[in-house]
Amino acid sequence: QLQLVESGGGLVQPGGSLRLSCQASGFSLDYYAIGWFRQAPGKEREGLSCISSVTNSTIYKDAVKGRGTISRDNAKNTVYLQINSLKPEDTAVYYCAAERRTMSCTTFYVAYKTWGRGTQVTVSS
């Protein structure tokens, strides 16, 4: 039983911030890398950020670089993605995903096996 549940999305104004959560159930994140992705209607899935399990190494793609922060709390079995300075083009469903990696991570979506169902983020005035 491997399950990821995203939360923290909602309606925010441009310039606002959100902290998205990705909580794992049925397994421990100790040996898993976690990636964050998003998909807007009619668009392809886009990798945003990832964090490794042991070293906590991170990758930030251009979409969130400079305004995004990914972190993990293994005691809570949860990974977070904070995004500041939100823009209307950030509107999308945001997903987290897990893969069995320790020292590194990737934002390439095909590398991931376990996915959450997503949380909607809408940025609008």
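Residues numbered from 1 in each chain as written. Predicted model: local features only at pLDDT ≥ 70, side-chain atom pairs only at ≥ 80, totals over all residues. Heavy atoms only, no water.

**Structural notes on the nonpolar core**
So, point 1. The biggest cluster of nonpolar side chains holds 26 residues, and the ones touching the most others in it are Leu4, Phe27, Leu29, Ile34, Trp36, Val79 and Tyr94.
So, point 2. Going through the elements one at a time, β3 (18–25), β4 (33–39), β5 (46–51), β8 (78–83), β9 (92–99) and β11 (119–123) are the ones with two or more residues in this core.
So, point 3. Look past the residues within four positions of Leu4 in its chain and what remains in contact with it is Cys22, Gln23, Ala24, Phe27, Cys96, Ala97, Ala98, Thr114, Trp115, Gly116 and Arg117.
So, point 4. Core analysis: the second largest hydrophobic core is formed by six residues, Phe37, Cys50, Cys105 and Tyr112 among them. (Core = buried A, V, L, I, M, F, W, Y, C linked by side-chain atoms within 4.5 Å. Buried < 20%, exposed > 50% of the residue type's maximum accessible area, 1.4 Å probe, protein only. Helix = DSSP H or I, 4+ residues; strand = E, 2+ residues; numbered from the N terminus. Contact = heavy atoms within 4.5 Å.)

**Some details on the sheet that holds strand β7 (residues 68–73)**
So, point 1. One open sheet accounts for four strands, arranged β1-β3-β8-β7; its pairing is antiparallel. Each edge of the open sheet carries a strand with a single partner, namely β1 (3–7) and β7. Across this sheet, the average inter-strand angle for adjacent strands is 15°, counted without regard to direction.
So, point 2. As defined by bridge partners, β7 adjoins β8 across six bridges and the pair is classed as antiparallel. Opposite Thr69, over in β8, you have Gln82 as the bridge partner. (Pairing = 2+ DSSP bridges. Axes fitted to C-alpha atoms, helices over the stretch in contact; angles between N-to-C directions.)

**Let's talk about the pairing of β11**
So, point 1. Residues Thr119, Val121 and Val123 of β11 are buried on one face, while the alternating residues Gln120 and Thr122, pointing to the opposite face, are not.
So, point 2. Note: strand β2 (residues 10–12) against β11, three bridges, orientation parallel. Within β11, the position partnered with Leu11 by the bridge is Thr122.

**Examining the side chain of Arg38**
So, point 1. Within the element layout of this structure, Arg38 appears in strand β4.
So, point 2. Polar side-chain contacts of Arg38 include one of 3.0 Å to the side chain of Tyr94.
So, point 3. The contact partners of Arg38, leaving out residues within four places of it in the chain, are Glu44, Arg45, Glu46, Leu48, Ala63, Glu89, Asp90, Ala92, Val93 and Tyr94. (Polar contact = N/O pair within 3.5 Å; in protein donor to acceptor, adjacent residues only side chain to side chain.)

**What to know about a nonpolar patch on the surface**
So, point 1. Nonpolar side chains collect at one region of the surface, where Tyr31, Val54 and Met103 lie side by side and expose about 360 Å² of accessible area between them.
So, point 2. Here Met103 is to be found in the loop between β9 and β10 (114–115).
So, point 3. Judged by its relative accessible area of 55%, Met103 falls in the exposed class. (Patch = residues over 30% accessible without salt bridge, like charges linked within 9 Å, V, L, I, M, F, W, Y side chains within 5 Å. Areas by Shrake-Rupley, 256 points an atom, 1.4 Å probe, with all protein chains shown as cover. Salt bridge = Lys/Arg side-chain N within 4 Å of Asp/Glu carboxyl O.)

**Details of the packing of aromatic side chains**
So, point 1. For the structure shown, the criterion picks out six aromatic pairs.
So, point 2. When the ring of Phe37 is compared with that of Tyr112, the centres are 5.3 Å apart and the planes differ by 80°; the resulting orientation is edge-to-face. With a gap of 75 residues between them, Phe37 in strand β4 and Tyr112 in the loop between β9 and β10 connect regions that are remote in the sequence.
So, point 3. Owing to a relative accessible area of 0%, Phe37 belongs among the buried residues under this scheme.
So, point 4. Residue classification places Tyr112 among the buried residues on the basis of a relative accessible area of 7%.
So, point 5. Relative to Trp115, the ring of Tyr112 has its centre 6.3 Å away and its plane inclined at 70°; by these criteria the two rings are edge-to-face.
So, point 6. Through a chain of ring-to-ring contacts, three or more aromatic side chains come together here, namely Phe37, Tyr95, Tyr112 and Trp115.
So, point 7. The side chain of Arg19 reaches across the aromatic face of Tyr80, ending 4.9 Å from its centre.
So, point 8. Between Arg45 and the ring centre of Trp115, over which it is positioned, the NZ or CZ distance is 4.6 Å. (Phe/Tyr/Trp six-rings, centres within 6.5 Å; stacked < 30°, edge-to-face > 60°. Lys NZ or Arg CZ within 6 Å of the ring centre and 35° of its normal.)

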